[in-house]
Amino acid sequence: MFKGFKDFLMRGNVVDLAVAVVIGSAFTAIVTAFTNGLIKPLISTIGGTDAANGLGYQIFDNNKATFLDFGGVINAAINFVLVAAVVYFVIVMPVKKVQERRKRGQEPGPSEPTDVELLIEIRDLLRAQQTQRGTDRD
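Residues numbered from 1 in each chain as written. Predicted model: local features only at pLDDT ≥ 70, side-chain atom pairs only at ≥ 80, totals over all residues. Heavy atoms only, no water.

A.B. asks: Got a minute to help me understand the overall build of the protein in this structure?
C.D. replies: Counting its regular elements, the protein contains four helices and two strands. For the protein, the succession of helices and strands along the chain, N to C, is α-α-β-β-α-α. For the protein, with 138 residues in total, the buried portion stands at 18%. A separation of at least 24 residues holds for 48% of the contacts in the protein among residues at least 6 apart in sequence. When the accessible surface of the protein is split by element, carbon and sulfur atoms take 63% of a total near 10500 Å². (Helix = DSSP H or I, 4+ residues; strand = E, 2+ residues; numbered from the N terminus. Buried < 20%, exposed > 50% of the residue type's maximum accessible area, 1.4 Å probe, protein only. Contact = heavy atoms within 4.5 Å. Areas by Shrake-Rupley, 256 points an atom, 1.4 Å probe, with all protein chains shown as cover.)

Encoded structure:
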């Protein structure tokens, strides 16, 4: 059971997909912080809601909605770099090492079914089809 699960996880496309999802989520945080911290206050210069206080610049002193929140953007960028580093060092590097060992033959790759297992599966499928045809006629 665990060998099959390990073989599933060691396929390159599964790991690549997981990395893409995590990096995509972290990048979304940067984009959200950029729009909320920089673009939204620029739009708010014509009137809008209060902006969060932090590291930034107030465009108009009498309109708190024009606060450019650089701290939020910097925070999201740091978050992105940290998440990307953890994903790389915890997931990508170990998987690459295992794949390199497999290429050199030091570790066996995902097991493929034997000829006997394939023949048994074919036999069982043919039996199931014959059984289904017999019940369809009744």
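A.B. asks: Would you take a moment to explain the pattern of salt bridges for this structure?
C.D. replies: Side chains carrying opposite charge are able to pair once their charged atoms draw close together. Scanning all chains against the criterion turns up one salt bridge. Between Arg-123 and Asp-124 there is a salt bridge whose closest N-O contact spans 3.2 Å. Assessed through its relative accessible area of 37%, Asp-124 is described here as partly exposed. (Salt bridge = Lys/Arg side-chain N within 4 Å of Asp/Glu carboxyl O.)

A.B. asks: Where do I start with the nonpolar core in this structure?
C.D. replies: As a rule of thumb, soluble globular proteins bury nonpolar side chains together. Counting residues in each nonpolar core, the largest one holds seven residues, listed as Met-10, Val-15, Val-19, Val-87, Val-92, Val-95 and Val-98. Listing elements by their share of this core, those giving two or more residues are helix 2 (12-43) and helix 3 (70-104). Among the elements that take part in this core, helix 3 stands out by supplying four residues, more than any other. With residues near it in sequence (within four places) discarded, Val-92 still touches Val-19 and Val-87. Ile-30, Leu-38, Leu-68 and Ala-76 belong to the second largest nonpolar core, which has six residues in total. (Core = buried A, V, L, I, M, F, W, Y, C linked by side-chain atoms within 4.5 Å.)

A.B. asks: How should the packing of aromatic side chains be read in this particular structure?
C.D. replies: Each aromatic ring pair is summarised here by two numbers: the centre-to-centre distance and the angle between the ring planes. Using the criterion set out here, one finds one aromatic pair in the structure. Relative to Phe-89, the ring of Tyr-88 lies with its centre 5.2 Å away and its plane at 80 degrees, an arrangement referred to as edge-to-face. Here Phe-89 falls in the exposed class, since its relative accessible area comes to 54%. (Phe/Tyr/Trp six-rings, centres within 6.5 Å; stacked < 30°, edge-to-face > 60°.)

A.B. asks: How should I be thinking about the confidence of the model for the protein in this particular structure?
C.D. replies: Confidence in the prediction for the protein averages 76 pLDDT; 79% of positions are at 70 or higher. In the model of the protein, helix 1 (residues 2-10) stands out as the element of lowest mean pLDDT, 73, in contrast to helix 4 (residues 115-137), which has the highest, 84. Long-range and interchain partners of residues 47-52, a stretch whose pLDDT sits below 50, account for nine contacts in this model, where long-range means more than four residues apart. (pLDDT = per-residue confidence, 0-100.)

A.B. asks: Whenever I open this one, a nonpolar patch on the surface confuses me. Can you help?
C.D. replies: Side chains of Tyr-57, Phe-70, Ile-74, Ile-78 and Leu-82 sit close together on the surface and give an oily, nonpolar patch of about 500 Å² of accessible area. Looking at the nonpolar patch element by element, the count peaks at four residues for helix 3. With respect to the element layout, Phe-70 can be found in helix 3. On the accessibility criterion, Phe-70 (35% relative accessible area) is partly exposed. (Patch = residues over 30% accessible without salt bridge, like charges linked within 9 Å, V, L, I, M, F, W, Y side chains within 5 Å.)

A.B. asks: So what exactly am I meant to see when it comes to the side chain of Thr-66 here?
C.D. replies: Tracing the backbone shows Thr-66 in the loop between strand 1 (56-58) and strand 2 (67-69). A polar side-chain atom of Thr-66 sits 3.0 Å from the main-chain amide nitrogen of Phe-60. (Polar contact = N/O pair within 3.5 Å; in protein donor to acceptor, adjacent residues only side chain to side chain.)

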